[in-house]
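# Reading the structure
Each chain, letter by letter, is given below.
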Amino acid sequence: MIISRQLTRLSLAGVLLGLSVAANARSEPSSAAVDIRRTGFGVPHIRAENERGLGYGIGYAYAQDNLCLLANEIVTVNGERSRYFGPEQFTVEQRANLASDLFFNWLNTPQAVGVFLQAQTPQVRDLIDGYVAGYNRSLAQRQATGLPAQCAGDWVRPIAAQDLVKLTRRLLVEGGVGQFAEALVGATPPAAVTRRADDAQVFQVADGRQQRFALDRGSNAVAIGSERSFNGRGMLLANPHFPWVGGMRFYQMHLTIPGKLDVMGAALPGLPMINIGFNQHVAWTHTVDSSKHFTLYRLQLDPKDSTRYLLDGKSLPLDKQTLTVNVKQADGQVKPVSHVIYSSRFGPIVQWPGKLDWNNQFAYSLRDANQENDRVLQQWYAMNQASSLKQLQDSVHTIQGIPWVNTLATDDQGQTLYMNLSVVPNVNAEKLAKCSDPRAGLQMIVLDGAHSACAWDIDPKAAQKGIYASDQLPQLLRKDFVQHSNDSAWLANPAQPLTGFSPLISQDGQPLGLRSRFALERLGALAKAGPVAAADLQQMVMDDQVYQAAQVMPDLLQWCSADAGADAATLAPVCASLKTWDGHANLDSGLGFVHFQNVMQSLQQLPDLWRVAFDPADAQHTPRGLALDRPSVNAAIGQALLASVEQVNKLGLKADSHWGDIQVVSSGGQQTPIHGGPGTLGIYNAIQSEPRTDGKREVVSGTSYLQIVTFDEKGPQARGVLAFSLSSDPASKYASDQTQAFSRKELSVLPFTEQQIQADPQYQVQTIRESEAKVAAQ
């Protein structure tokens, strides 16, 4: 039932009854009303009397907007893609279906899923069960009228609580073993190795995916405190950079249980709670951290048998786990295919040709700390309910469920908080020095698997065996600001550096990313100009400044002003475009921006590129400048410019082409121009796009849910935009409306109070009851 501009009321008796039930009691399936009230852009405000009802509304609304997306992800995390689509097709992440199926059958065993589900609090379990029932009701209604074309198949089915657990477990290992799926399923004893011709390409794709992890799932965040804000209260800029398609695509919603919960923000698919958002008193966000969430172990193999390894001088057999995947054959028949996964006490064997080889002497195991993290949903739900910054902080200290992100938060009292309190293996610097090969560096931690003394340490204060306790991890409470853009914890605020932690937690004295340097520079300029306003935080993202341009453009233009010899005529147009480029990634920014990207990509690996090298004592401003006095740098610039001319001509771009003509996102048969660009250039509005055959670039990830929250005496005042829009269904009226707003750099009020919600011009309400679905099914 949908009623426009008319508010339905929850039963007062029902509310009182819900509040009187003991906190640890499970909610029974209820006939109480669940209101799904939608405002502008279709954003659902879901209100129910308990967790079961709230989950029911979330699952129902999500399926209305993203049924096909979630159905596809359910097939993926159940390891059933080969059964329905064939083994040679690919997932959204460009992983072969068979490899994906084997990996998820290994990850999501019935035992692991059961243990996770059993560990949930009654409230979280109610949210999950309600979500399942709500999704299934929406699915049944869509099936009765016809499923969307993109998921009209027998692979779409009702879901169970176990499916949502599998989605959550996939999320947990995104920062660890999830990046090694091909290496895990491809690990084969040396005597049995038969490499396929396309293995090299498979691992090349996997390597690219691993390199893009931080880019596709990066983020910016700024929390401003009472000493800097315009009204003495807290302010938050949340700017996560997440994929625009697939299982990491945010969903915007507002969740209310009267008297218990009132929170708004964004959540990942299948999660019945807010991941990034705000409530009456607190606002928070996350940024992908630089901490290590897994370690590799180099195993010393038994010389007599490469399926046995030596531990403390004893020969132990590798454990064998046989996985079976149903695979659709060319003739349409489905046949089982079995595969063996090998593991040591340190985790599964992973084999990456040329990087992690399994030979007769060594093999490599991978241990991911988040595989044992069954607290993540409880963690986010506790944050959703936090009534103060201290309560939010205490919940993270106690539960320790944050998987692989930092948390930045602020409150209505003007405090700001930075926490690098994620799940990190307990390996201190001393153990690292004893148990790792220094030649391997710190990019990936490789420990000695021949000695049990190199196992992770156990701290009784930690929420999980083998991870650091929360009091050993970086955190910072201040009243001026904290910021973060995917670097270490070191300079969240340069006035109070965070140092002295295990290299697995945070590494200080390392170069900052350009987005962090931009943020610190902009915050410094704002401090000189006066109090910070919400518009200042919005401008940090939306002015699309290319920070690196300020560091190198004078040198590039100086190079252009010199005699280019025989190449002068060829390079004249590119130099002219660089000179007229505005130094931004706006829709109307000229072709010079394309040339600048090409040139800097060519130069980034060049030794001795910088005129001023990195200095840890001046990390905010170094490195900078191009070393034009070095012949190798001079020559490389010329080659990069010539290559850019060739590339631009090949793509058919013209001298009057603009960035908005090139970078687009396609949805529902239309293309929307998208501003922003590579975060590696210091563009705060980081947007990742991939080249198409027509000369354009298709956006795949970047700024996703953008939220700016301030507080006044009435509570939170928030503006934001979901850059890729609410619905992934091209036929939905909510498939591209926010995308177009984002293209225009427009943020909208996020209606939070009853007055704001009911006054919204697009207000409508749908009231549903679980009992109605049961009657219809009988």
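Residues numbered from 1 in each chain as written. Predicted model: local features only at pLDDT ≥ 70, side-chain atom pairs only at ≥ 80, totals over all residues. Heavy atoms only, no water.

As annotated in an unreviewed UniProt entry, the protein carries the name Acylase and is attributed to Pseudomonas fungipugnans. Checking UniProt for the protein, the heading Subcellular location (unreviewed entry) contains the comment "Periplasm". (UniProt positions renumbered as here; feature names shortened; annotations may be inferred.)

## Describing the overall build of the protein
Tallying secondary structure elements over the protein gives 22 helices and 31 strands in all. Here the C-alpha radius of gyration of the protein, 27 Å, is about what a compact globule of 778 residues would show, namely 28 Å. Seen along its three principal axes, the alpha-carbon backbone of the protein occupies a region of about 85 × 70 × 55 Å. Counting every position in the protein, which comprises 778 residues, the buried fraction comes to 59%. Total accessible area on the protein is roughly 30200 Å²; 50% of this is exposed by carbon and sulfur atoms. In the protein, 66 positive and 72 negative side-chain charges are present, and the distance between their average locations comes to 3 Å. (Helix = DSSP H or I, 4+ residues; strand = E, 2+ residues; numbered from the N terminus. Rg over C-alpha atoms; globule rule 2.2 N^0.38 Å. Buried < 20%, exposed > 50% of the residue type's maximum accessible area, 1.4 Å probe, protein only. Areas by Shrake-Rupley, 256 points an atom, 1.4 Å probe, with all protein chains shown as cover. Lys, Arg positive; Asp, Glu negative; His and termini not counted. Charge placed at Lys NZ, Arg CZ, Asp CG, Glu CD.)

## A short note on the pattern of salt bridges
A full pass over the atoms with the stated rule returns 26 salt bridges. Of the charged contacts in the structure, one is a salt bridge between Arg83 and Glu80, with a shortest N-O distance of 3.9 Å. Between Asp394 and Lys390 there is a salt bridge, with its nearest N and O atoms 2.7 Å apart. Highlighted residues: Asp394 and Lys390, both in helix α11 (residues 389–399), separated by four residues, approximately one helical turn. Here Lys390 falls in the exposed class, since its relative accessible area comes to 56%. (Salt bridge = Lys/Arg side-chain N within 4 Å of Asp/Glu carboxyl O.)

## With respect to the environment of Asn97
Secondary-structure assignment places Asn97 in helix α4 (residues 97–107). What makes Asn97 buried here is its relative accessible area of 0%. Those residues in contact with Asn97, other than ones at most four positions away along the chain, are Arg81, Ser82, Phe85, Gly86, Pro87, Gln89, Phe90 and Thr91. Polar side-chain contacts of Asn97 include one of 2.9 Å to the backbone oxygen of Gly86. (Contact = heavy atoms within 4.5 Å. Polar contact = N/O pair within 3.5 Å; in protein donor to acceptor, adjacent residues only side chain to side chain.)

## Side note on unusual backbone geometry
For the peptide bond that leads from Thr622 to Pro623, omega is 0°, which places it in the cis range. With respect to the helices, strands and loops of the structure, Pro623 is situated in the loop between β22 (610–612) and β23 (624–626). Despite not being glycine, Ser725 shows a phi value in the positive range, around 80°. When you line up the elements, Ser725 lands in the loop between β29 (715–722) and α20 (737–743).

## Some remarks on helix α10 (residues 376–385)
Summarising burial for α10: seven of the 10 residues are buried, a large majority. Among the residues of α10, Val376, Leu377, Gln379, Trp380, Tyr381, Met383 and Asn384 are the ones counted as buried.

## Some remarks on the pairing of strand β16 (residues 362–368)
With respect to burial, β16 is a largely interior element, six of its seven residues being buried. Taken together, the seven bridges between strand β10 (residues 294–302) and β16 define a ladder with antiparallel strand orientation. Looking at the pairing, Phe294 lines up with Asp368 of β16. By the bridge criterion, two bridges tie strand β15 (residues 347–350) to β16 in an arrangement that is antiparallel. Bridging across to β16, Ile349 finds its partner in Ser365. (Pairing = 2+ DSSP bridges.)

## So, the packing of helix α15 (residues 547–561) against helix α17 (residues 592–603)
Two numbers describe how α15 lies on α17: the axes approach to 12 Å, and their chain directions differ by 90°. Judged by the angle between their axes, α15 and α17 are roughly perpendicular. Of α17, the residues touching α15 (which contributes Gln548, Ala549, Val552, Met553 and Leu556) are Phe596, Val599 and Met600. Looking at the contact of α15 with α17 residue by residue, the class counts come to seven nonpolar, one polar and no charged. (Axes fitted to C-alpha atoms, helices over the stretch in contact; angles between N-to-C directions. Parallel < 35°, antiparallel > 145°, perpendicular 65-115°, else oblique. Nonpolar A, V, L, I, M, F, W, Y, C, P; charged D, E, K, R; others polar.)

## Focus on the packing of helix α6 (residues 122–145) against α10
For the pair α6 and α10, interaxial distance at closest approach is 10 Å and the crossing angle is 100°. When the axes of α6 and α10 are compared, the pair comes out roughly perpendicular. Judged by residue contacts, Gln123, Val124, Leu127 and Ile128 of α6 engage Leu377, Gln378 and Tyr381 from α10.

## Structural notes on the state of the cysteines
Inspection of every chain in the model, using the stated rule, returns three disulfides. Between the sulfur of Cys68 and that of Cys151 lies a disulfide, 2.0 Å long from S to S. Residues Cys68 and Cys151 are joined by a disulfide whose S-S torsion is about -55°; by sign, that bridge is left-handed. Here Cys151 lies in the loop between α6 and α7 (161–172) and Cys68 lies in helix α2 (residues 51–77), a separation of 83 residues in the sequence. For the pair shown, Cys68 and Cys151 are each scored as buried. Through a disulfide, Cys560 is tied to Cys575; the S-S separation comes to 2.1 Å. (Disulfide = S-S within 2.5 Å.)

## Comments concerning the environment of Gly676
By the element assignment, Gly676 lies in the loop between β25 (670–673) and β26 (687–691). Each C-alpha atom, one on Gly676 and one on Thr703, is 8.7 Å from the other, the two residues being 27 residues apart in sequence. The residues contacting Gly676, other than those within four sequence positions of it, are Asp544, Ala585, Trp659, Gln663, Ile683, Asn685 and Ile687.

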